[in-house]
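A look at the structure
The chain contents come next:
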Amino acid sequence: MARALSIVLHLGRSVLAAAGLAATLAGTGPAFGQAASQACGSIANAFGPFDYRTERGQNLRLVEGAHFTASVESLVRGNTSVSPAGDLDYTLRAFPNHHRALMSAMRYGEKHKSPQPRDLRYSVECYFDRALRFRPDDSIVRMIFATFLSRNERNPEAIKQLEHATELAKDNPFTHYNIGLIYLEIKAYDKALVQAHKAYGLGFTQTALKDGLLAAGKWSEPPAQAAEGAKPDASPAQ
């Protein structure tokens, strides 16, 4: 799973720029119900909130310079608070869909073996709820959330998030490939194969997804290619 997520985050800016995800899609709102969302607080904030995908200037530099330092991201120590929790919370209130900060919040919960470490303002899952209420069209948030859900043995919910991400991916091979890697990690092989066919059909060249499916004995060529390979040689005899 770490391999899949590292690729997702590394390619995040390219994926989103190529996909052109500017509009919020109907029907792809947060996974929580209304009552749970209320428990997770309003996304209104004194500073921001800003979209991590598009606000790459001074506001992001200010927040990351003060609150999302390398030591906070790696959960070694806080920068403006005793523990990393305060700085993670500030970052995720200013930038609710900050991909790397969401990853760190998820790992913070795992480190403390708690869905809500006592020094974190909201539960880890709440930060995903807030991110998706803020920007339901953020496919990378949905992929990270799917990872969180799968790690908590909630694969059906994880698959729903990946299905939403697939809708958002449109014709972007990077996103389909990354979704396929997560499907591969949770052993949803048929769905991983569909994403692999989409990604490779759109020109993606990295082979880790195909290699993983081959290793699991779940790879097959796309139907059109398989049919082409099965055609008899129609050339005239020499």
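The preceding data block contains the structure.
The text that follows walks through the structure, step by step, so that each part is easy to find. (Residues numbered from 1 in each chain as written. Predicted model: local features only at pLDDT ≥ 70, side-chain atom pairs only at ≥ 80, totals over all residues. Heavy atoms only, no water.)

Observations concerning the overall build of the chain
Spelled out, the test is: Under the DSSP-based scheme used, a helix requires at least four consecutive residues in state H or I and a strand at least two consecutive residues in state E, with every element numbered from the N terminus. What makes two residues a contact is simply this: any of their non-hydrogen atoms within 4.5 Å.
Helix and strand counts for the chain come out as 14 helices and 0 strands. Counted from the first residue to the last, the chain has its helices and strands arranged as α-α-α-α-α-α-α-α-α-α-α-α-α-α. Across the chain, contacts joining residues at least 24 apart in sequence account for 64% of those joining residues at least 6 apart.

A closer look at the state of the cysteines
We apply this condition: Throughout, disulfides are identified as pairs of cysteine sulfur atoms within 2.5 Å of each other.
For the coordinates displayed, the defined rule picks out 1 disulfide. With its sulfur 2.0 Å from that of its partner, Cys 40 forms a disulfide with Cys 126. When the S-S torsion is -75°, as for the bridge of Cys 40 with Cys 126, the disulfide is left-handed. Taken together, the positions of Cys 40 in the loop between helix 3 (34–39) and helix 4 (58–66) and Cys 126 in helix 8 (residues 124–134) put the pair 86 residues apart, joining distant regions of the chain.

Considerations on the packing of aromatic side chains
Keep this limit in mind: Working definition: a ring pair exists when centres of Phe, Tyr or Trp rings (six-membered ring for Trp) sit within 6.5 Å. Plane angles under 30 degrees give stacked, over 60 give edge-to-face, the rest tilted.
Counted according to the given criterion, the structure contains 10 aromatic pairs. Aromatic side chains Tyr 177 and Tyr 200 sit 6.4 Å apart centroid to centroid with 70° between the ring planes, which places their arrangement in the edge-to-face category. Of the two residues, Tyr 177 sits in helix 11 (residues 173–185) while Tyr 200 sits in helix 12 (residues 189–201), which places them 23 residues apart along the sequence. A centroid spacing of 6.3 Å and a plane angle of 70° characterise the contact between Tyr 200 and Trp 219, whose relative ring orientation is edge-to-face. A residue pair is termed long-range when its members are at least 10 positions apart, and Tyr 200 in helix 12 and Trp 219 in the loop between helix 13 (208–215) and helix 14 (223–230) qualify at 19 residues.

A word on the side chain of Glu 64
Turning to its location among the elements, Glu 64 is positioned in helix 4. Not counting residues within four places of it along the chain, the set of residues in contact with Glu 64 comprises Tyr 52, Thr 69, His 98 and Arg 100.

Quick notes on helix 12
Let me state the cut-off plainly: Expected span, for any helix, means 1.5 Å times one less than how many residues it has. Each residue's exposure class comes from its accessible area (1.4 Å probe, protein chains only) as a fraction of the maximum for that residue type: buried when under 20%, exposed when over 50%, partly exposed otherwise.
Between the first and last C-alpha of helix 12 there are 18 Å, a value that for 13 residues agrees with the 18 Å anticipated at 1.5 Å per step. What helix 12 keeps buried is the set Ala 192, Leu 193, Gln 195, Ala 196, His 197 and Ala 199. Positive backbone phi, at 100°, marks Gly 203, one or two positions downstream of helix 12.

A few points about the packing of helix 7 (residues 99–111) against helix 9 (residues 139–151)
Packed helices, taken two at a time, are described by their axes: the angle between them and the distance between them. Cut-off, in case you're wondering: Simply put, an axis is a line fit to the C-alpha atoms, just over the touching stretch for a helix, and the angle between two N-to-C directions goes from 0 to 180 degrees. Put simply, angles under 35 degrees are roughly parallel, angles over 145 are roughly antiparallel, angles from 65 to 115 are roughly perpendicular, and the rest are oblique. Ten residue types, Ala, Val, Leu, Ile, Met, Phe, Trp, Tyr, Cys and Pro, are classed as nonpolar, four, Asp, Glu, Lys and Arg, as charged, and the remainder, Gly among them, as polar.
It is at 10 Å that the axes of helix 7 and helix 9 come closest, and there the two elements cross at 10°. On the basis of their axis angle, the class for helix 7 and helix 9 is roughly parallel. Packed against helix 7, whose contacting residues are His 99, Leu 102, Met 103, Met 106 and Glu 110, the element helix 9 presents Ile 140, Val 141, Ile 144, Thr 147, Phe 148 and Arg 151 at the interface. Here the residues of the contact of helix 7 with helix 9 are counted per class, giving 7 nonpolar, 2 polar and 2 charged.

Quick notes on the environment of Ala 188
Among the structural elements, Ala 188 can be located in the loop between helix 11 and helix 12. Classification of Ala 188 as buried rests on a relative accessible area of 14%.

Let's talk about helix 13
For clarity, the cut-off: Throughout, the arc means the angular range of directions from the helix axis out to the C-beta atoms.
Every buried residue of helix 13 is accounted for by Ala 208, Leu 209 and Leu 213. Looking straight down helix 13, one finds its buried side chains confined to an arc of 135°; they lie on one side. Gly 217, located one to two residues past helix 13, shows a positive phi value of around 70°.

Notes on the nonpolar core
When a protein is soluble and globular, its nonpolar side chains tend to lie buried together. We apply this condition: The set of buried Ala, Val, Leu, Ile, Met, Phe, Trp, Tyr and Cys residues whose side-chain atoms join them within 4.5 Å is what this entry labels a nonpolar core.
Grouped together as the largest cluster of nonpolar side chains are 50 residues, with contacts concentrated most on Phe 128, Leu 162, Tyr 183 and Leu 213. Secondary structure elements with two or more residues in this core: helix 6 (84–94), helix 7, helix 8, helix 9, helix 10 (155–169), helix 11, helix 12 and helix 13. Looking at which element gives the most residues to this core, the answer is helix 9, with 8 residues. Excluding residues that lie within four positions of it along the chain, Leu 162 makes contacts with Met 143, Ala 146, Ile 179, Ile 182, Tyr 183 and Ile 186. Tyr 52, Leu 60, Ala 94 and Phe 95 belong to the second-largest nonpolar core, a separate cluster that totals 6 residues.

Looking at the packing of helix 9 against helix 11
Viewed as axis vectors pointing N to C, helix 9 and helix 11 meet at an angle of 5°, and their least axial separation amounts to 10 Å. Judged by the angle between their axes, helix 9 and helix 11 are roughly parallel. Contacts between helix 9 and helix 11 involve Ser 139, Met 143 and Thr 147 from the former and Thr 175, Asn 178, Ile 179 and Ile 182 from the latter. Split into classes, the residues belonging to the contact of helix 9 with helix 11 amount to 3 nonpolar, 4 polar and no charged.

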